[in-house]
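So the chains spell out like this:
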Amino acid sequence: MVASSMGTVLEARLFSWIDYAVFGAMLLVSACIGLYHGCNGMLKKKGKDDGPPRSESGEFLTANGQMGTLPVALSMLAGFLSSITLMGQPAEVYLFGPQVWIFGFASFLCIPVVGYIFIPFYHKMEYTSAYEYFGERFSRWLQLFASTMFTVQMVIYLALVLYAPALALHQVTGLDTNAVVTVMYVVVIFYTTIGGMKAVVWTDCFQVVVLYTSMLAVLVKGTMDIGGITTVWERNLQSGRSNFFNWDVDPTERYTVWGTLFGVAFLHISIYGANQLQVQRYRTVATIGQARRMLWINTFGWTVVVLMTVYAGMLIFARYYDCDPLSAGILSKADQLFPLYVMDTLGDFVGFPGLFVAGIFSAGLSTVSTGLNSLAAIWWAEMNGTTLKNSLSQRMSGLAVKSLALFFGVLSYALVYVVPYMGGLAPVAISLSSFFAGSFLGLFVLGIFIPWSNTAGAAAGLAAGIGIVGWLTVGGQVMSDKGQTVFTPLPVSTDGCSMANATILTEHKTGELAFVLYRVSFLWYSLLSLLLTVGVGVLVSLLYRWLFRSTGRKEPLHNDSSPIFKPSTVAVSISMKPATCKLLLKEGHKDEKAVLVTCNGRVPAETSSSRDV
């Protein structure tokens, strides 16, 4: 039974056969795209065993750098969005107001840093894994540690983003959540392992279209039914949900201008500059210019989705402004608000619920497919230099990376059963992404900009960044579960609820405030983990060097000298070992903003002409 804001009691609505057909068509098309690219790749390779070594693995992981700008940009957007965005952010707006509208615009602040420092760096280094740099700059075991930490975060995150649409489907159909999760994982693992990067990119493109279509249809129809945008605005205004600019400098405020602008800006720099999911996309196109254009397209698309989810949250509140479903006991979690709204207001229009759930699933599937491919890339790179990898043929290399993707898909599926204990979807997802990505960005800062940083400092910094901010995340969730107040939602009303639900209506009670550090907004986690990683890394590196000098022992030499970015109006200079220089030089430098290579501070003879570019 579902209570409406008009005081009546509505029967719960389930999927019609048309809804099932719409939803099933999305899954079928996704699977067919993967099957097409898998079969097409096999036909092209049939009877051939030439080309560069392990080219099949390159095809699976990066499509050998032959993808177009627009499809990869849409794939980046799909992988970044996830189902958590579509379900979690409207719930956040419903509970805490529309401050998250700045999220999209904050992403533009990452373009100068990522576009002109990190993208040229990754493109010229030709890394399969972003974290290969840690192995060259510091040590292989630190690379392994970083890859392990990223894997832990990613498999949990992937479980989270597929649990969200499963929750939506359970809400609108009553089907068992575990069964739905199983079906989704079967589909996504199938097309990811069969078709590789090309299948991931093209299914992402299709799923982005479904996502935008479903969101737009729901928002337009919902606005028309409620009486227009004016009604939505007036009801939010009367309930104190019209504050788009909270200028408070208190970091314990959940959403402020400073947190949503600068905190989220550092989060985007971390994700687009140091996260394997996005870094791998830069390698799927041929030029640095294409990669930069991808970044622009991605930020525009992300901003549009943010504005749509903010309006969705305001629209949902306008519907239930006098009968909060959470206080009335109709829902157990805020993340169920959007599915409830769709079935309550659009359930009579066959096809709308199916389209909505297809959009939610599309976002979740695209993120998981991207994640599985990226995890395979990281651990394929971890095998560099091993006898096993060197002995593999092209065909066996392709099978190996597919097996890695399959393994991580199964592992993520196993972890989906802990998701119900994680709390709200949006803050948990943002927290996980923030402190891991911020710490990895801190490692790049240590290696690139601080020449005297060493392995001991980098390892200590990474442990501090992940450990301390991870403690804040877990501690805040534990305190919230114990009834302490971490963040206080905006007031809601139950005055318009049906008398049938009167016995279960409760007043919102504010418990004892949690410890102040547990109340720091998760929007600051990325910046905080970055500062901790760099700060601890610098201190430990200095202490390490001082200890060796004070004892008269010679400090161990690193495998690589420190690569240092020295931005200028023309180029960015890197100092590194000769072997790496040769790798960078083999394709030349045709981009005026490209990386200019120096070996031990001197420009090699073969690059002397590159000074003019």
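The protein carries the name Sodium-coupled monocarboxylate transporter 1-like in an unreviewed UniProt entry, which gives Periplaneta americana as its organism. The record in UniProt for the protein states the following under Sequence similarities (unreviewed entry): "Belongs to the sodium:solute symporter (SSF) (TC 2.A.21) family." Of the protein, the UniProt comment under Subcellular location (unreviewed entry) reads exactly: "Cell membrane".

A. Main features of the overall build of the protein. Within the protein one finds 20 helices and four strands. Here the protein holds 613 residues, and 60% of them are scored as buried. As presented, the protein carries roughly 24,100 Å² of accessible surface, and 65% of it is formed by carbon and sulfur atoms.

B. How the structure looks around helix H12 (residues 288-319). When the terminal C-alpha atoms of H12 are compared, their 47 Å separation across 32 residues agrees well with the 46 Å that a helix rising 1.5 Å per residue should span. Taken across its 32 residues, H12 has 25 buried, putting it largely inside the fold.

C. Summary view of the pattern of salt bridges. If you walk through the whole model with that rule in mind, you get four salt bridges. The salt bridge partner of Asp-204 is Arg-281, with a shortest N-O separation of 3.7 Å. A residue pair is termed long-range when its members are at least 10 positions apart, and Asp-204 in helix H8 (residues 177-226) and Arg-281 in helix H11 (residues 276-282) qualify at 77 residues. A relative accessible area of 0% places Asp-204 in the buried class. Judged by relative accessible area, which is 1%, Arg-281 ranks as buried. Put simply, Asp-344 and Arg-319 hold a salt bridge, and the shortest N to O gap is 3.4 Å.

D. Seen up close, helix H10 (residues 257-274). Taking 1.5 Å of rise per residue, 18 residues should cover 26 Å, and H10 covers 25 Å from first to last C-alpha, within 8% of that figure. With 14 of its 18 residues buried, H10 lies for the most part within the structure.

E. Looking closely at the nonpolar core. Residues Tyr-122, Tyr-185, Tyr-282, Phe-338, Phe-440 and Phe-444 are the most contacted members of the largest nonpolar core, which totals 163 residues. Tallying contributions element by element places H8 first for this core, with 17 residues. Leave out the neighbours within four places in its chain, and Tyr-122 touches Tyr-127, Ala-130, Gly-273, Ala-274, Val-279, Tyr-282, Arg-283 and Phe-444.

F. Main features of a nonpolar patch on the surface. A contiguous nonpolar surface patch, about 630 Å² in accessible area, is contributed by Leu-109, Phe-245, Trp-247, Val-249, Trp-258 and Phe-262. Note on placement: Trp-258 falls in helix H10.

G. Main features of the packing of helix H9 (residues 229-238) against H12. H12 packs onto H9 with a crossing angle of 80 degrees between their chain directions and a minimal axis gap of 9 Å. Between H9 and H12, the crossing angle belongs to the class labelled roughly perpendicular. Contacts from Ile-229, Val-232, Trp-233, Arg-235 and Asn-236 in H9 reach Tyr-311, Met-314, Leu-315, Phe-317 and Ala-318 in H12. For the contact of H9 with H12, the class distribution of residues is eight nonpolar, one polar and one charged.

H. Region of the structure containing the packing of helix H3 (residues 69-96) against helix H13 (residues 337-346). Packing of H3 against H13 leaves a shortest axis separation of 8 Å and a crossing angle of 90 degrees. Between H3 and H13, the angle is such that the two are roughly perpendicular. Packed against H3, whose contacting residues are Leu-86, Met-87, Pro-90, Ala-91 and Tyr-94, the element H13 presents Leu-337, Phe-338 and Pro-339 at the interface. Taken together, the residues that form the contact of H3 with H13 break down as eight nonpolar, no polar and no charged.

I. Quick peek at the confidence of the model for the protein. Residues at a pLDDT of 70 or more form 79% of the protein, whose mean pLDDT is 77. A low-confidence stretch, residues 49-54 stays under pLDDT 50, and its non-local contacts, those more than four residues away or across chains, total 10 contacts. Low pLDDT, under 50, characterises residues 559-613; the predicted model gives this stretch 114 contacts beyond four residues in sequence or across chains.

J. Looking closely at unusual backbone geometry. Although it is not a glycine, Glu-126 adopts a positive phi angle of roughly 60 degrees. Secondary-structure assignment places Glu-126 in the loop between helix H5 (111-125) and helix H6 (132-137).

K. Up close: the environment of Ala-312. Structurally, Ala-312 is set in helix H12. Among the residues examined, Ala-312 registers a relative accessible area of 1% and is labelled buried. For the pair Ala-312 and Met-87, spaced 225 residues apart in sequence, the C-alpha to C-alpha distance is 9.6 Å. Apart from residues no more than four positions distant in its own chain, Ala-312 is found in contact with Pro-90, Leu-219 and Phe-338.

L. Quick peek at the packing of aromatic side chains. Considering all chains together, one arrives at 31 aromatic pairs under this definition. Each ring, one from Trp-101 and one from Phe-244, has its centre 6.4 Å from the other, and the planes form 70 degrees; the classification is edge-to-face. Of this pair, Trp-101 sits in the loop between H3 and helix H4 (102-106) while Phe-244 is found in the loop between H9 and H10, placing the two residues 143 residues apart along the sequence. On the numbers, 6.2 Å between centres and 70 degrees between planes, the contact of Phe-121 with Tyr-127 is edge-to-face.

M. Looking closely at the environment of Gly-351. With respect to the helices and strands, the residue Gly-351 is situated in the loop between H13 and helix H14 (352-382). Once residues lying within four places of it in the same chain are set aside, the contact partners of Gly-351 are Ile-18, Asp-19 and Val-22.

N. Geometry of the side chain of Ser-369. Here Ser-369 is to be found in helix H14. Among the polar contacts listed, one links the side chain of Ser-369 to the backbone oxygen of Ser-366, at a separation of 2.9 Å. Setting aside its immediate chain neighbours within four residues, Ser-369 contacts Val-188, Tyr-191, Thr-192, Val-200 and Asp-204.

O. Up close: the side chain of Arg-283. Positionally, Arg-283 belongs in the loop between H11 and H12. Buried charge Arg-283 goes without a salt bridge, the closest partner of opposite sign being Glu-126 at 5.5 Å.

Rules used throughout
Residues numbered from 1 in each chain as written. Predicted model: local features only at pLDDT ≥ 70, side-chain atom pairs only at ≥ 80, totals over all residues. Heavy atoms only, no water. UniProt positions renumbered as here; feature names shortened; annotations may be inferred. Helix = DSSP H or I, 4+ residues; strand = E, 2+ residues; numbered from the N terminus. Buried < 20%, exposed > 50% of the residue type's maximum accessible area, 1.4 Å probe, protein only. Areas by Shrake-Rupley, 256 points an atom, 1.4 Å probe, with all protein chains shown as cover. Expected span 1.5 Å × (residues − 1). Salt bridge = Lys/Arg side-chain N within 4 Å of Asp/Glu carboxyl O. Core = buried A, V, L, I, M, F, W, Y, C linked by side-chain atoms within 4.5 Å. Contact = heavy atoms within 4.5 Å. Patch = residues over 30% accessible without salt bridge, like charges linked within 9 Å, V, L, I, M, F, W, Y side chains within 5 Å. Axes fitted to C-alpha atoms, helices over the stretch in contact; angles between N-to-C directions. Parallel < 35°, antiparallel > 145°, perpendicular 65-115°, else oblique. Nonpolar A, V, L, I, M, F, W, Y, C, P; charged D, E, K, R; others polar. pLDDT = per-residue confidence, 0-100. Phe/Tyr/Trp six-rings, centres within 6.5 Å; stacked < 30°, edge-to-face > 60°. Polar contact = N/O pair within 3.5 Å; in protein donor to acceptor, adjacent residues only side chain to side chain. Lys, Arg positive; Asp, Glu negative; His and termini not counted.

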